[in-house]
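Below, each chain spelled out in residue letters.
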Amino acid sequence: MTATGREGQGDHMAGRWYALALLTMTYAMSTVDRSMLAIVAERVKVDIGASDAEIGLLYGTAFAIFYVLFGIPMGKLADAWSRRKLLSTTMVGWSLFTAASGLARNFVQLLGARIGVGVGEAAVTPASHAMLSDFFPGGRRGFALAVYSCGAPLGTGIALLLGAAVMGYWDKLLAQGETPLGLASWQAAMIAAGIPGLLLAILVARMPQPPLSEQRKTSSDVGALAVVGREVASIIPIVSLFMLLRSHPRPGAALMRNQLLLAGLLAAGILLAMLTGDRLQWIILGTGLYATLTWAQIEASQDDRFARLFLQRGLLLFALLGFGCFAFGALSFHSWWISFFARFHPDAGNIGPLLGILFMVFGVVGMLFGGFLGDRWKRRSRYGYLYTCLLSGSLSVPFIALALYAPSTPLALVLVSIAILALTMWLPPAAALMQEQVGADMRGLSAGLYMLVSNFLGNGVGPYSVGRISDATGDLRFALALCCCAGFALGIVLLALALSANRARADSVVAQAS
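Values in this document were obtained by computation on a predicted structure and should not be read as measured data.

What should I look at first to understand the overall build of the protein in this one?
Helix and strand counts for the protein come out as 22 helices and 0 strands. Among the 514 residues that make up the protein, the fraction classed as buried is 57%. Partitioning the intrachain contacts of the protein with sequence separation of at least 6 by distance along the chain shows that 82% fall at a separation of at least 24. Roughly 20,400 Å² of accessible area belongs to the protein as shown, and the carbon and sulfur atoms make up 68% of that amount.

See below:
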């Protein structure tokens, strides 16, 4: 190799590690902005008079439905436009909406701000996963995605430390009779969470691109707007129905399936609204689900690769659903564990900073270990990533249950630390599995679908379910145990079905070849 070649390779190596660090920080800041509401939830409940179910709707459903719906056009845009432009632009948007959450005075205003955060953050996973897959080859992709996934526990820990520091400082000022800017302490924490993202967006806009040999053709800014406009139209219910009829080779059959789907969702939504009394929750969730499934119909009619990969192959279909159930369990835990300690371990005092450190340390260890184990297992077995996810789920169930019912605060903290490690292990191998199953031109879409299913079941249903069961039973601990353990248990079953379906398919291929 010539000196020039070695220098170019060295620049590429340095550039990709810098890009990995920057993308990890981007993910961490997105986690800070989405997580801060869970940290200030007890203060918000008092100030705006919200129930546990309404907090679950704000934290989960309002954010998640728009996050996953706009993940569809953002995934397509990540494949068609400059990914760093996409990330930096949307980062400015979600940071401003996070700060706007701190100016909210009632439930409706906070709901609107949370929707804005969800739309902005929808670009993070598709663009980042696609860029990292371009920078890192298959043998190192699991590790790179593991490092990137560390942004989640880092962000949660930073949010806990930042929230505790800002609210503590603000409470002292309020105790002295001062009312800075007329804001409550939780509002100050939300504004503080939004500011760093505005600064980080400048670095993201100037980050290195993957080598030219690995890049795909990108559209101009005007072409990118056309792409996102078409994809946004495909998730607007009435518009998407006309698009389906125009694009489908058998419009009559497509319309019948679509209307049967709509009728089923309406019936389920009305029943659930009557049972729970939470009409807004089921209107938002039902509308989002209908829009998503109509989009899937359109996509399947236009691209046979989509149908072949995501609708007909047992591995990806069951794996997507299994990861969604894991997300349900993990995000049920994530959204309520601060409130759990405040209610069931009040002797711990201001435990927020300690919980932040625990989540950063054990979450990062879990992510890195999951990525390392997944890559090692993958070298020995084609199902290595799936095996790692199954191990993670199997460890999460008992340790979450033990942590929730621990008789003392110190023991609860030890068990929570192990539970955090276990329930974060599955994220890197899950992301790697979704990337390795598709070609380079579908990586953004694959990441978008993974994000869609995980967040529909995770953020969209998990936090609300815990809140609703807690309101109904008066027992947050029982609600957490039920939702967390049921989510991981069902996910294990679905991943086992994914493994079985793929083995059956492989056996069929071998039999046909012989």
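Now, onward.
I tried to follow a nonpolar patch on the surface on my own but got confused; where do I start?
Residues Leu161, Ile357, Val361, Val365, Phe369 and Phe372 make up a contiguous nonpolar surface patch of roughly 490 Å² in combined accessible area. For the nonpolar patch, the element with the most residues is helix 16 (residues 352-380), which contributes 5 residues. Within the secondary structure, Phe372 sits in helix 16.

What is the right way to look at the packing of helix 3 (residues 52-80) against helix 6 (residues 124-135) in this model?
When two helices pack together, their arrangement is given by the angle between their axes and by how far apart the axes lie. Between helix 3 and helix 6, whose axes approach to 7 Å, the crossing angle comes to 35°. Where helix 3 approaches helix 6, its residues Tyr67, Gly71, Met74, Gly75 and Ala78 are matched on the opposing element by Thr125, Pro126 and Ala127. Looking at side-chain class alone, the contact of helix 3 with helix 6 contains 5 nonpolar, 3 polar and no charged residues.

Looking at this structure, how should I read the environment of Pro196?
Along the chain, Pro196 turns up in helix 9 (residues 185-205). When its relative accessible area of 31% is taken as the criterion, Pro196 is described as partly exposed. On a C-alpha basis, the gap between Pro196 and Val32 in space is 9.9 Å, while along the polypeptide they are 164 residues apart.

Here is what the cut-offs are and how they apply
Residues numbered from 1 in each chain as written. Predicted model: local features only at pLDDT ≥ 70, side-chain atom pairs only at ≥ 80, totals over all residues. Heavy atoms only, no water. Helix = DSSP H or I, 4+ residues; strand = E, 2+ residues; numbered from the N terminus. Buried < 20%, exposed > 50% of the residue type's maximum accessible area, 1.4 Å probe, protein only. Contact = heavy atoms within 4.5 Å. Areas by Shrake-Rupley, 256 points an atom, 1.4 Å probe, with all protein chains shown as cover. Patch = residues over 30% accessible without salt bridge, like charges linked within 9 Å, V, L, I, M, F, W, Y side chains within 5 Å. Salt bridge = Lys/Arg side-chain N within 4 Å of Asp/Glu carboxyl O. Axes fitted to C-alpha atoms, helices over the stretch in contact; angles between N-to-C directions. Nonpolar A, V, L, I, M, F, W, Y, C, P; charged D, E, K, R; others polar.

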